[in-house]
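Each chain, written out:
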Amino acid sequence: MAPEQWTPSPQAPAAPEGVGAATSPSPAEVARGLRATGEGADTIQLLSPEGEYTPHPDFPIEVSGELLRDLYRDMVLIRRFDREGNSLQRQGQLSIWVPLLGQEAAQIGAGRGMRDQDMAFPSYREHGIAWCRGVDPTELLGIFRGTNHSGWNPVEKRFHTYTIVIGNQALNAAGYAMGQVFDGKVGGGPESDSEATITFFGDGATAQGDIHEAMVFATAYDSPVVFYCQNNQWAISEPIEKMARLPLYRRAAGYGMPGFRVDGNDVLACLAVTRWAMDECRSGNGPVMIEAFTYRMDAHTTSDDPNRYRMADTTEAWKLLDPIERVRVHLVREGLADQDFFDGIQAEADALAERFRAFAVAMEPPGPETMFSGVYTAPHAQTERQRAEFLEYLEGFGDDAAHGEPANAAGGGH
Amino acid sequence: MSTATGTTATSSQSVTLAKALNMGLRAAMEADDKVLVMGEDVGKLGGVFRITDALQKDFGEHRVLDTPLAESGIIGTAVGLALRGYRPVCEIQFDGFVFPGFDQIISQVAKLTYRSRGAYQMPLTIRIPYGGGIGAVEHHAESPEAFFCHIAGLRVVACANPADAYWMIQEAIACPDPVVFFEPKRRYWEKGELDTSVDPGTTFSSVLRSSSNNSAVTLIGFGATMPTVFAAAAAAAEDGIACDVVDLRSLSPLDLGPVLESVQHTGRAVVVSEAPGEVSLASEVAARITEEAFYSLAAPVQRVTGFDVPYPPSKLEEEYLPDLDKVLHAVDRSLAY
């Protein structure tokens, strides 16, 4: 369909009030590829960029100095090791890094909105969620150094493996949540041991069929799953306007579930709304969709070059909306933290980065025999035969065999 | 090596392959309440082929799920259920409809155990009615087994008779690894003897169905082609040419023990499958025989397969499919060396 057909012509009768009327882009906007995906949304915000806190009537949360300091600490620490990951890639110690810069609030808010018994299904940028689930940052490194495909035990951490094929994990989450229903683990209320599931994906993933199917299955089975979309506005080089005419959270209504847009740079809003949504789900009122509206402040990955497709001005403007700075300002203004606190967090962050770096540099490549492990659970004749043949082949080289240097070439792809 | 024997036990009964699958599913569901059946129309209708007939009535809607009409959704949610400790049995309605779910099968089902370094198991069974010869429209007669055999992390099997159907579906469901389970839909209504009282042990292995000391050729088939292979062996015997017959059953991993043992005697092999021949399971069998029994061979391994064309309109499928004459022709080609 040609772009001019997407919207009513100027001569057409005015559209009725409502979703379409409020957000239909003008022909000029369509021609520019710019849509109203950022406009007309009722964004939930508790902590303004200036650090002013305003309670939200629908999403009550007990805000204490301790909570704010904890959230601040979380965000500073994950930003610090995220930046260290970037540096390690630049220095050839990692083949690729996927930065989360700018999305600290969206991730820490969501991660701290979960309870221990809940399950998370991430995409591959969710280092902050991993942090909240108790995954040590060093356990993320194998993926990016090329020593494993996943470094943590997903069952113990209740944090699924990273999923690189866009959108796949949403269906896996929907199925897991169906299991929570079948197991009778839903319906006990917020403080019970009832469970909920949350899945993370980006704005680009919303174009994938799996996201649609996941929402169909989740609503069909009244499953306790929160669809948490971090809309960082860029799918590598493609702006969200290439994929959506309306704010993404509005899609929820079409499936018959509540949908909300939160200020993804406001950790209190992300926390309050996620906790509410998870508790709704565990109480049997799921699923729920949350769109955390944020901005990808760095490249898609270290293999990417954002200068080719977006303006530095926009990134600069988003710096004024920084998720960490507004918490710092609030803490200072309200007298909830002193300089010793901030210095202490900075020292802790630097120590974490140092440990992260030391661990990365010391990582040895796995032995060739491990390539054949875990393909199957039950014994498998062909895999075993190939392992034996390959090891015998390597033995033919004597002591020089099979101890190459770790790969450090720049990787590609997403 | 096991050889087929006509079952004469008193507990034996004559059932269709479809009924045997239904009985096998029922037995698996009775044995383990974590076994779920899920797919399109598998509940009240009992599936378009009635393989799941009456299971929902007897086990309930949470054990037999009429899912939304979305194959990626069926497989993708089954993955999540498997992570939660369930053993989902997914029905793909027809072979040609598996591809919307292909991504989940390749990217998640096959790889999650490996990616998680063994922390996850993926006890998923994906049932696919496959193969041609039923006069159907497009996408209802394909043989896509090679796609799945190519993917490490999956096990791929095909049943060819009611007894195997009954035992193999239970072995697939009990397996801690994902199993793609091919059912020869053309043979659903063919009857065979089934003795449910005698557990045959593993069925994920190839089996020598018939052999003789003077066999000249080894005929190899699986699933839908087995009746054709048997018919060809019988016809060849009338012409004085004895043939060994092997039913592969396990397509991945291939179990070529019985094949190689037979070929060492016969020196000749003919592989029969419905899929297009290029880069097919038949190709793999031929290559492996060449690698592992080269000095036993008196002739190149012959392949009898579908043509390298899309599955044709049904009025042409008899021309497309391997049949008795094509197999005999291949036997003649082999003997001509």
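Residues numbered from 1 in each chain as written. Chains lettered and ligands numbered in written order. Predicted model: local features only at pLDDT ≥ 70, side-chain atom pairs only at ≥ 80, totals over all residues.

Caption draft 1: Highlighting the sheet that holds strand β11 (residues 243–247) of chain B. Residues and elements named next belong to chain B. In space, the 5 strands of this open sheet follow the order β9-β11-β10-β13-β14, with mixed pairing throughout. Each of the sheet's edge strands pairs with one partner strand only, and the pair in question is β9 (207–210) and β14 (302–306). Sheet twist, expressed as the mean angle between neighbouring strand axes with direction ignored, is 25 degrees. Note that strand β10 (residues 217–221) and strand β13 (residues 269–276) share 3 bridges and pair parallel. Looking at the pairing, I220 lines up with V271 of β13. The sheet strands contacting helix α9 (residues 257–266) are β9, β10, β11 and β13, and the helix crosses β10 at an angle near 155 degrees. Relative to β14, helix α12 (residues 324–335) is tilted by about 160 degrees, and along the sheet it contacts β10, β13 and β14. (Pairing = 2+ DSSP bridges. Helix = DSSP H or I, 4+ residues; strand = E, 2+ residues; numbered from the N terminus. Axes fitted to C-alpha atoms, helices over the stretch in contact; angles between N-to-C directions. Contact = placed C-beta atoms within 7 Å.)

Caption draft 2: Structural context of the confidence of the model for chain B. All names here are of chain B. Looking at chain B as a whole, its pLDDT mean stands at 96, while 97% of the residues score no less than 70. Residue range residues 1–9 is modelled with pLDDT below 50. Its contacts to residues more than four positions away, or to other chains, number 16 contacts. Across the interfaces of the predicted complex, the ipTM metric reaches 0.94, alongside a pTM of 0.91. (pLDDT = per-residue confidence, 0-100.)

Caption draft 3: Structural detail: the packing of helix α8 (residues 168–182) of chain A against helix α9 (residues 209–220) of chain A. Residue and element names in this part refer to chain A. Where α8 meets α9, the axes come as close as 7 Å, and the angle between the chain directions of the two elements is 15 degrees. Between α8 and α9, the angle is such that the two are roughly parallel. In terms of crossing hand, the pair formed by α8 and α9 is left-handed. Only D210, I211, E213, A214, F217 and A218 of α9 make contact with α8, whose side of the interface consists of N168, A170, L171, A173, A174 and A177. (Parallel < 35°, antiparallel > 145°, perpendicular 65-115°, else oblique. Left-handed = near helix turned anticlockwise from the far one by under 90°.)

Caption draft 4: Spatial organisation of helix α3 (residues 65–90) of chain A. In this model α3(A) runs 38 Å from its N-terminal to its C-terminal C-alpha over 26 residues, within 8% of the 38 Å that 1.5 Å per residue would give. Where α3(A) ends, the next residue or the one after it, G92(A), has phi of about 85 degrees, a positive value. (Expected span 1.5 Å × (residues − 1).)

Caption draft 5: Broad picture of the environment of A158(B). Residue and element names in this part refer to chain B. When you line up the elements, A158 lands in strand β6 (residues 155–158). As for A158 and L17, which are separated by 141 residues in sequence, their C-alpha atoms are 12 Å apart. When neighbours within four sequence positions are excluded, A158 is seen to be in contact with E145, F182, F222, G223, R249 and L251.

Caption draft 6: Looking closely at the interface of chain B and chain A. Listed by partner, the interface residues are 34 residues for chain B and 32 residues for chain A. Contributing elements (two or more residues each) for the side of chain B that touches chain A: α3 (71–83), α4 (102–109) and α5 (112–115) of chain B. Here the side of chain B that touches chain A gets 9 residues from one element, more than from any other, and that element is α3(B). For the side of chain B that touches chain A, the class distribution of residues is 15 nonpolar, 14 polar and 5 charged. (Nonpolar A, V, L, I, M, F, W, Y, C, P; charged D, E, K, R; others polar.)

Caption draft 7: Highlighting α9(A). Taking 1.5 Å of rise per residue, the 12 residues of α9(A) would be expected to cover 16 Å, and the 16 Å separating its terminal C-alpha atoms lies within 8% of that figure. Those residues of α9(A) lying buried are D210(A), I211(A), H212(A), E213(A), A214(A), M215(A), F217(A) and A218(A). Tucked into the core, α9(A) has its buried residues touching α8, β3 (197–202), β4 (225–231) and α10 (251–255) of chain A together with α3 of chain B. (Buried ≥ 20, exposed ≤ 12 C-beta atoms within 10 Å, placed from the backbone.)

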